[in-house]
Amino acid sequence: MKYRFILLALAVTLSSFSSEARKRPYPLEYAYGSSLEIQTGLSTMPFAIKGDAKTALGLYGGGDFQLRYTYFPGKHWGFFTSFSVNGGSASDKNFFYTVNNADGDRFIYNTDHFYYSQNNGYIAISFQLGAAYRYDFGRLSLRPRLGLGVADYDLYTINYARVPRAGGETVNFTYKIGDKTIDYLPNPYTSNGRTSFVSSAALQITYSIGNHFFISAECGAKAFLNDYYYYRTVEDAAGIRTESAILPRLLFNCNFGIGWNIGWNRNKSGKYRNR
């Protein structure tokens, strides 16, 4: 009789644990509280070339790094702060494909010329604050985000030479990317760095691999809230002249990362289980 009672008590206990597990399936995701995550991936940025025939668009390719802290005071809504670095370049082949397209396919570009220098890229450092929303289903969590902050970025100068296919005068070009021309000094120049407001939108999906860690994939875009000027200075027998095109500064990224849920999972207390 004593052993039957022990077995019955054990069966009731196991049944209780099983019922609780069904109410709160593994893993116990941190739906409330803090998380810290690191992401890295690919980014791209469009650029413009104002040529003899038209203004043509090209793409820089590069990388993206993000460090982000997120806090969810409630089940769905939260806020985040992030630090990110983007950087990249366009290869000679891709860059001069765009230049040739803008010039109407009428010239040969001399990259072996002493005047040519390859310094064709960009770097952007951003700090942001924003809102996040989360919808959890099993181990997966869908998290759209909107952010606003400040950024410091630089885009570089490219020099090259060209000659008509049928022969003729060699013309030197300086292709500068900047926000304005500084013309109050003896030697005017284009400022190619700027601090600007930046806004972002992203959609992230995470997968929990335990109570403390998750992996993620994310696609997003950053918009730098000012127009950027693309200057082309032409130096030939007729003298020196400057042309320009304007294009909003945009970055697109696709990242993968890992995150860490910080502290105790408040779901374990049951206080928020039914919210």
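Parameters at a glance
- Residues numbered from 1 in each chain as written.
- Predicted model: local features only at pLDDT ≥ 70, side-chain atom pairs only at ≥ 80, totals over all residues.
- Heavy atoms only, no water.
- Helix = DSSP H or I, 4+ residues; strand = E, 2+ residues; numbered from the N terminus.
- Buried < 20%, exposed > 50% of the residue type's maximum accessible area, 1.4 Å probe, protein only.
- Contact = heavy atoms within 4.5 Å.
- Areas by Shrake-Rupley, 256 points an atom, 1.4 Å probe, with all protein chains shown as cover.
- Pairing = 2+ DSSP bridges.
- Core = buried A, V, L, I, M, F, W, Y, C linked by side-chain atoms within 4.5 Å.
- Salt bridge = Lys/Arg side-chain N within 4 Å of Asp/Glu carboxyl O.
- Phe/Tyr/Trp six-rings, centres within 6.5 Å; stacked < 30°, edge-to-face > 60°.
- Lys NZ or Arg CZ within 6 Å of the ring centre and 35° of its normal.
- pLDDT = per-residue confidence, 0-100.

Student: In this structure, what is going on with the overall build of the protein? I would like to understand it.
Tutor: What the protein contains, in helices and strands, is two helices and 14 strands. Across the 275 residues of the protein, 41% fall into the buried class. Partitioning the contacts of the protein with sequence separation of at least 6, the portion at a separation of at least 24 is 72%. When the accessible surface of the protein is summed, it comes to about 15,000 Å², and 63% of that surface belongs to carbon and sulfur atoms.

Student: Explain unusual backbone geometry to me, please; I cannot follow it from the model alone.
Tutor: Comment: phi is negative for the bulk of residues other than glycine, and the bulk of peptide bonds are trans. Phi at D105 is positive, roughly 55 degrees, even though this residue is not glycine. Summarising the element assignment, D105 is placed in the loop between α2 (92-103) and β4 (107-110). Owing to a relative accessible area of 44%, D105 belongs among the partly exposed residues under this scheme.

Student: Honestly, the pairing of strand β3 (residues 77-89) in this entry has me stumped. Any pointers?
Tutor: Every regular strand shows the same layout, with side chains that alternate between the two sheet faces. Burial along β3 is one-sided: the face carrying G78, F80, S82, S84, N86 and G88 is buried and the face carrying W77, F79, T81, F83, V85, G87 and S89 is not. Relative to β3, strand β2 (residues 55-72) runs antiparallel, the two sharing 11 bridges. Bridge assignment links Q66 to a residue of β3, and that residue is S84. Hairpin connection of β2 to β3: four residues between the antiparallel strands. One ladder, built from 13 bridges, connects β3 with strand β5 (residues 121-133); its direction is antiparallel. Each bridged residue has a counterpart across the sheet, and for G78 the counterpart in β5 is A132.

Student: For this particular structure, what's the right way to read the nonpolar core?
Tutor: The tendency in soluble globular proteins is for nonpolar side chains to be buried side by side. If you look at the biggest cluster of nonpolar residues, it comprises 25 residues, and the most contacted ones within it are F47, I49, F95, V99, Y160, Y175 and F224. Per-element tally for this core: the top contributor is α2, with four residues.

Student: Just checking my understanding: could you explain the pattern of salt bridges for this structure?
Tutor: Opposite charge on two side chains lets them pair, provided their charged atoms get close. Counted under the stated rule, the structure contains nine salt bridges. Between D52 and R162 there is a salt bridge, with its nearest N and O atoms 2.8 Å apart. Of this pair, D52 sits in the loop between β1 (33-50) and β2 while R162 sits in strand β8 (residues 158-164), and the two are 110 residues apart along the sequence. By relative accessible area, which is 8% here, R162 ends up buried. For E218, the salt bridge identified is with R68, shortest N-O distance 2.6 Å. In this pair, E218 is assigned in strand β13 (residues 213-236) and R68 in strand β2, connecting sequence segments 150 residues apart.

Student: Even after reading the chapter, I still don't get the packing of aromatic side chains, so can you show me in this structure?
Tutor: For any two aromatic rings, the description comes down to two numbers: the centre-to-centre distance and the angle of the planes. Within this structure, the stated rule accounts for nine aromatic pairs. Both rings, one in F95 and one in F96, keep their centres 5.1 Å apart while their planes meet at 85 degrees; by these two values the pair is edge-to-face. The exposure class assigned to F95 is buried, which follows from its relative accessible area of 1%. Cluster of aromatic residues (ring-pair linked, three or more members): F95, F96, Y109 and Y160. Stacked on the ring of F80, the Lys or Arg R68 has its end atom at 5.9 Å from the ring centre.

Student: When you look at the confidence of the model for the protein in this model, what are you seeing that I'm missing?
Tutor: Regions with low pLDDT carry predicted coordinates that are not meant to be interpreted in detail. On average, residues of the protein score 76 in pLDDT, and 68% of them reach the 70 mark or higher. Summarising per-element confidence for the protein, the mean pLDDT is lowest in helix α1 (residues 2-23) (49) and highest in β3 (92). Here residues 16-29 is modelled with pLDDT under 50, and outside its nearest four sequence neighbours on either side it reaches 22 contacts, counting other chains as well. Contacts from residues 265-275, a stretch scored under 50 in pLDDT, to residues over four places away or in other chains number 23 contacts.

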